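Okay, here's what each chain looks like letter by letter:
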Amino acid sequence: MIQLYDIEKSYRGKSGPIRVLRGITADFPKGVSTGILGGNGAGKSTLLRIIAGSERQNYGEVVRQGSVSWPLGFSASFAGSLSGAENLRFVSRIYGMDHQQVTDFVADFAELGKAMKEPVKTYSSGMRQRLAFGLSMAIDFSVYIIDESLAVGDAAFQAKCNAIFNERRQRSDVIMTSHSIEMIREYCSRAAVLHKGELTMFDTVDEAHEHYMRVSA
Amino acid sequence: MVDLAGGWDRLKRPTPNSSMRRFGEALAITWQVVFALMIRESRTRYGKSDIGYLWAILEPLIQLLILWAVFTFMMGRHPPVAASMPVFLITGILPFFLFRSSVARGASAASSNTPLLTYPQVKVLDVIIARVLLDAATTLVVALIFIVGLKFLYGEPFTSWIDHPLSGVMSLLGLLYFCMGVAVLSSGINRVFPPWQDIFGYVSRPLWITSGIFFTLDSLPHGARQYAKLNPVAHMLEWIRSACLPGFESDHYSVVFVLTFATICLFIGLFINWALFVAGFSDEAS
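Residues numbered from 1 in each chain as written. Chains lettered and ligands numbered in written order. Predicted model: local features only at pLDDT ≥ 70, side-chain atom pairs only at ≥ 80, totals over all residues. Heavy atoms only, no water.

J.: Looking at this model, I keep getting lost on the overall build of chain A. Mind explaining?
T.: The number of helices and strands found in chain A is seven helices and eight strands. Principal-axis analysis of the C-alpha atoms places the extent of chain A at approximately 50 × 35 × 30 Å. Looking at the 217 residues of chain A, the share that counts as buried comes to 53%. For chain A, long-range pairs separated by at least 24 residues make up 65% of all intrachain contacts whose partners lie at least 6 apart in sequence. Element-wise, carbon and sulfur atoms account for 48% of the exposed surface of chain A, whose accessible area totals about 9,500 Å². If the 25 positive side-chain charges of chain A are averaged to one point and the 24 negative ones to another, these points end up 7 Å apart. (Helix = DSSP H or I, 4+ residues; strand = E, 2+ residues; numbered from the N terminus. Buried < 20%, exposed > 50% of the residue type's maximum accessible area, 1.4 Å probe, protein only. Contact = heavy atoms within 4.5 Å. Areas by Shrake-Rupley, 256 points an atom, 1.4 Å probe, with all protein chains shown as cover. Lys, Arg positive; Asp, Glu negative; His and termini not counted. Charge placed at Lys NZ, Arg CZ, Asp CG, Glu CD.)

What follows is the structure, encoded as structure tokens:
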């Protein structure tokens, strides 16, 4: 469960601060998955990063119960000079997980083989993404944050990502943005529209989509 | 449409656990994170090669040899205390190096770890604590290597390093607190004023001269001593030597001054850290 109280966030622009989020209050109860619709630059990623705790709001409060993932789709923060296995160990430790279990799971899932012992800076971007996705599945988050895309890698690996994530959705909730309304319909039972720094919540994805088409037209 | 105007009243807020339990949990998470950061720092600090750690011994060793040669062979002087020259110099060099690296590593704690700070449980303060603890542990190992090395190569008995064991340990804990305080302040200053890192590079040279690595406050003429006594690092070194070197007890240092200075640094640093957190400040990568 996540609650947002009066969240404000602005960034420094060349001609004064740009207010991206203007007092957002919302409730994301347990058992409900929510899509967030909004145009380019509406602040969807900023909102997701604040929900995830990757970034701090300027004003307001976020209450989280249970663990919240970092925004999937971006690769997790890895140290380039450390090996894949060492990076996994670090993240396992800060989340209080058994690092051997996490490493075994990710090594098997991400199909990295011997590369697990190589420094992450030698990885291709695809390998990094697979490592990050595998790690996010190894940790049992109660809420998964998805920014635009979920599956990574080639078609076969994407199918594997979708399969494991669908299984994970049985017990975890999702808060996501996507360009594809189909994907939001598949994962979410309701949606909200982020427009001009304000968030409007709707009970169904269709209502939200209708509202979004109206304001963005 | 779900109307959430007046959200503070309408949304039911979760009832917090008892505050003691929450504090205990927070402490456990902090230690988990600090421990993970220490291991990570120890692997990244000098690159991946273990040879990098040799530098941690070589740098004080080179300084020791130069100062030793200058004072003994060129100037023909004895240390201003009853201890032998290498023991006297090392009890100044190592604590000073720890102080200097605490300020430097504190300064870059936030800017060189921006990717890590996106993990919600990793705070700037955790990075600072991990860095100072790792530095302190490294310094301790280096000190033991010097003590054992001087025993076998120079015949310096182990007892030359121990006066009153308890006061010795207290002075080293004092040094750790002092280093934490200046590291937290240094981090705070650098986050709002990034040139600080370079400025300290220049400040650390005059500090090195006036901190008493190669003199005691007592051996200075009265006028110079009044100025040297303004430097808290000089008090810190004098405290360590008084507590560790047999037969040396200085009247010129003040434990209260050292601890007060460290506490003021710590509180100003914590305040800057808290203010930046509340304001939602994002650090820029260096």
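The discussion continues.
J.: Explain the packing of aromatic side chains to me, please; I cannot follow it from the model alone.
T.: Taken as a whole and assessed by the stated rule, the structure comprises 22 aromatic pairs over all chains. Through a chain of ring-to-ring contacts, three or more aromatic side chains come together here, namely W70, Y95, F141, Y144, F165 and Y187 of chain A together with Y119 of chain B. Lying across the ring of F109 of chain A, K160 of chain A places its NZ or CZ 4.9 Å from the centre. In this arrangement the basic side chain of R241 of chain B is found over the ring face of F88 of chain B, its NZ or CZ atom lying 3.8 Å from the centre. (Phe/Tyr/Trp six-rings, centres within 6.5 Å; stacked < 30°, edge-to-face > 60°. Lys NZ or Arg CZ within 6 Å of the ring centre and 35° of its normal.)

J.: What is the right way to look at the sheet that holds strand 7 (residues 190-195) of chain A in this model?
T.: Each strand in a sheet pairs with its neighbour through backbone hydrogen bonds, running either in the same direction (parallel) or in the opposite one (antiparallel). All names here are of chain A. Taken in spatial order, the five strands of this open sheet run 5-6-3-7-8, and their pairing is mixed. Of all the strands in the sheet, the pair left with one neighbour each is strand 5 (143-147) and strand 8 (198-202). For this sheet, the mean inter-axis angle between neighbouring strands, taken without regard to orientation, is 20 degrees. The sheet contacts of helix 1 (residues 44-52) involve strand 3 (34-37), strand 5, strand 6 (173-177), strand 7 and strand 8, and relative to strand 5 the element is tilted by about 155 degrees. (Pairing = 2+ DSSP bridges. Axes fitted to C-alpha atoms, helices over the stretch in contact; angles between N-to-C directions.)

J.: I would appreciate a short explanation of the packing of helix 4 (residues 85-107) of chain B against helix 5 (residues 124-154) of chain B in the present structure.
T.: The angle between the axes and the distance between the axes are what describe a pair of packed helices. All names here are of chain B. Two numbers describe how helix 4 lies on helix 5: the axes approach to 10 Å, and their chain directions differ by 160 degrees. Between helix 4 and helix 5, the angle falls in the class roughly antiparallel. In the crossing of helix 4 with helix 5, the sense of the turn from one axis to the other is right-handed. For the pair helix 4 and helix 5, the contacting residues are P86, I90, L94, L98, S101, S102 and R105 in the first and R131, V132, D135, A136, T139, V142, A143, F146, L150 and Y154 in the second. For the contact of helix 4 with helix 5, a count of residues per class yields 11 nonpolar, three polar and three charged. (Parallel < 35°, antiparallel > 145°, perpendicular 65-115°, else oblique. Left-handed = near helix turned anticlockwise from the far one by under 90°. Nonpolar A, V, L, I, M, F, W, Y, C, P; charged D, E, K, R; others polar.)

J.: Please clarify how the nonpolar core should be interpreted in this entry.
T.: Nonpolar side chains in soluble globular proteins tend to be buried together. Of all hydrophobic cores here, the largest spans 121 residues; its most connected members are L131 and F133 of chain A together with L89, F99 and V122 of chain B. The element contributing the most residues to this core is helix 4 of chain B, with 13 residues. Beyond its immediate stretch of four places on either side in the chain, L131 of chain A contacts F78, G84, L88, V106, A110, L112, M116, V120 and Y123 of chain A. Residues I36, I50, V62 and L194 of chain A belong to the second largest nonpolar core, which totals 23 residues. (Core = buried A, V, L, I, M, F, W, Y, C linked by side-chain atoms within 4.5 Å.)

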